[in-house]
Amino acid sequence: RAHPPPALLLAMSWLGTWLGVVNDVMLQRPHTWHLYADPKRACKWSAVEGKTFVVTGPTSGIGTTTAETLALLGAKVILACRTVSRG
């Protein structure tokens, strides 16, 4: 069985990457447009208020957002990070 030429494999890889981008931008993100930006409207904030949460990975990405949101909702947040200077 013959192998496809390298140029075809490269083109297929490039196409797969762009189809993933199109899927993310056009199909998945619009499903979140109806979500509230205010965390108190998005969840039962009274269920979080006054409780203690340990958030791992709070120095970047979703950990940062999670820690900030919990703090805004009145929770006590403990940041568990590997690099003390970044926390």
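Residues numbered from 1 in each chain as written. Predicted model: local features only at pLDDT ≥ 70, side-chain atom pairs only at ≥ 80, totals over all residues. Heavy atoms only, no water.

Concerning the overall build of the chain
Selection rule: Labels follow the DSSP assignment, with helices taken as runs of H or I lasting at least four residues and strands as runs of E lasting at least two, numbered in each case from the N terminus. For every residue, the accessible area (1.4 Å probe, protein chains only) is compared with the maximum for its type, and the residue is labelled buried under 20%, exposed over 50%, or partly exposed between those bounds. When checking whether two residues touch, look at their non-hydrogen atoms; a contact exists if any pair is within 4.5 Å. Where accessible areas are quoted, they stem from the Shrake-Rupley method and a 1.4 Å probe; at the residue level, only the protein chains shown are allowed to cover.
Secondary structure assignment for the chain yields three helices and two strands. When the helices and strands of the chain are placed in sequence order, the string is α-α-β-α-β. Taken over 87 residues, the chain has a buried fraction of 10%. A separation of at least 24 residues holds for 51% of the contacts in the chain among residues at least 6 apart in sequence. When the accessible area of the chain is evaluated, it comes to approximately 7,300 Å², of which 64% is carbon and sulfur surface.

Structural notes on the pairing of strand β1 (residues 52-56)
Just so we agree on the cut-off: Pairing between two strands is assigned when DSSP locates at least 2 bridges connecting them.
Sheet topology places β1 next to strand β2 (residues 76-80); five bridges connect them, and they run parallel. Bridging from a neighbouring strand, Phe53 pairs with Val77 of β2.

Brief notes about helix α3 (residues 61-72)
The α-helix advances 3.6 residues per turn, and as a result positions three or four apart in sequence lie on the same side. Stated formally: What a helix should span is 1.5 Å times the count of its residues minus one.
The first and last C-alpha atoms of α3 sit 17 Å apart over 12 residues, in line with the 16 Å expected at 1.5 Å per residue. Close packing links the buried residues of α3 with β1 and β2. Trailing α3 by a residue or two, Gly74 shows a phi angle of about 95°, which is positive.

Quick word on a nonpolar patch on the surface
To keep things clear, this is the line we draw: Exposure above 30% relative accessible area and the lack of any salt bridge qualify a residue for a patch; like charges then connect within 9 Å, and the nonpolar side chains Val, Leu, Ile, Met, Phe, Trp and Tyr within 5 Å. Just to be clear on terms, a salt bridge is a Lys or Arg side-chain nitrogen sitting within 4 Å of an Asp or Glu carboxyl oxygen.
Together, Trp14, Leu15, Trp18, Leu19 and Val21 make up an exposed nonpolar region whose accessible area comes to about 540 Å². As for its position among the elements, Leu15 is in helix α1 (residues 6-28).

Comments concerning the environment of Thr56
With respect to the helices and strands, the residue Thr56 is situated in strand β1. Linking Thr56 and Ala67, residues 11 residues apart in sequence, is a C-alpha distance of 9.0 Å. For Thr56, the residues in contact, after removing those within four places along its chain, are Gly63 and Ala80.

Things to note about the environment of Ala67
Tracing the chain through its elements places Ala67 in helix α3. Given a relative accessible area of 10%, Ala67 falls into the buried group. Residue contacts for Ala67: discarding those within four places in its chain leaves Val55, Val77 and Leu79.

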